[in-house]
Amino acid sequence: MSAAAAPSPAQARALLKAFMREARKFPNYNIREYVKRRAKEGFKECQSISDPAAAAAAFANGRAQLEVAKRQSVVYSLYAPRVKSIMDLKITETTL
């Protein structure tokens, strides 16, 4: 893909799916949900871009942010707390 070529819709979907997969790797509920929410918001913001150069720049920025998320998920997994968050626990009627 050249610098001015806009990414295809399939490439954009693949990038969003990669963000969602990476978000699942975060051990902390709050960070995990933030990454999911921010990825969705970022893609909605860039959905209306019609200029191929701007779309390519947004796609490149998205790929860079995905690399940041990958590095951060590794760091967060190294220092994850041993106790799960209350949001991660599965509560059933028998535990109440």
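Per an unreviewed UniProt entry, the protein goes by Complex 1 LYR protein domain-containing protein and derives from Marchantia polymorpha.

Enquirer: Before we go on, may I ask you to explain the overall build of the protein in this structure?
Expert: When helices and strands are counted, the protein shows three helices and zero strands. Tracing the protein from N to C terminus, the helices and strands come up as α-α-α. Expected size for 96 residues packed as a compact globule is a radius of gyration near 12 Å; at 17 Å, the protein overshoots this value by more than 25%. Along the first, second and third principal axes, the C-alpha atoms of the protein reach 55 × 30 × 15 Å.

Enquirer: Can you walk me through the layout of surface pockets in this structure?
Expert: Rolling a probe over the atoms, with the probe sized like a water molecule, indicates the empty space that remains. Size it by volume and the largest pocket reaches roughly 880 Å³. Lining of the largest pocket is provided by 31 residues; of these, Phe19, Ala39, Gly42, Phe43 and Gly62 occupy positions nearest its centre. Looking at side-chain class alone, the lining of the largest pocket contains 20 nonpolar, seven polar and four charged residues. Looking at the second largest pocket, its volume works out to about 160 Å³. Together, Pro27, Asn28, Tyr29, Arg32, Ala80, Pro81, Arg82, Val83, Lys84, Ser85 and Asp88 line the second largest pocket. Grouping the amino acids of the lining of the second largest pocket by side-chain chemistry returns five nonpolar, two polar and four charged.

Enquirer: How should the UniProt feature "domain: Complex 1 LYR protein" (unreviewed entry) in the protein be read in this particular structure?
Expert: The UniProt feature table records "domain: Complex 1 LYR protein" (unreviewed entry) at residues 11–68. Here residues 11–68 is 84% helix and 0% strand, with 19 Å between the C-alpha atoms at its ends.

Enquirer: Can you walk me through the pattern of salt bridges in this structure?
Expert: Two side chains that carry opposite charge are able to pair once their charged atoms sit near each other. Evaluation of the coordinates by the stated rule reveals four salt bridges. Between lysine 25 and glutamate 22 there is a salt bridge, with the nearest N and O atoms lying 3.4 Å from each other. For lysine 36, the salt bridge identified is with glutamate 33, shortest N-O distance 3.5 Å. Residue lysine 36 and its partner glutamate 33 are located together in helix H2 (residues 29–46), separated by three residues, close to a single helical turn. Note on lysine 36: relative accessible area 22%, which makes it partly exposed. We classify glutamate 33 as partly exposed; its relative accessible area is 26%.

What counts and how
Residues numbered from 1 in each chain as written. Predicted model: local features only at pLDDT ≥ 70, side-chain atom pairs only at ≥ 80, totals over all residues. Heavy atoms only, no water. Helix = DSSP H or I, 4+ residues; strand = E, 2+ residues; numbered from the N terminus. Rg over C-alpha atoms; globule rule 2.2 N^0.38 Å. 1 Å grid on protein atoms, 1.4 Å probe; cavity = no way out; pocket = protein on both sides within 12 Å on 5 of 7 lines; lining within 4 Å. Points joined across faces, edges and corners; volume = space filled by probe spheres on them. Nonpolar A, V, L, I, M, F, W, Y, C, P; charged D, E, K, R; others polar. UniProt positions renumbered as here; feature names shortened; annotations may be inferred. Salt bridge = Lys/Arg side-chain N within 4 Å of Asp/Glu carboxyl O. Buried < 20%, exposed > 50% of the residue type's maximum accessible area, 1.4 Å probe, protein only.

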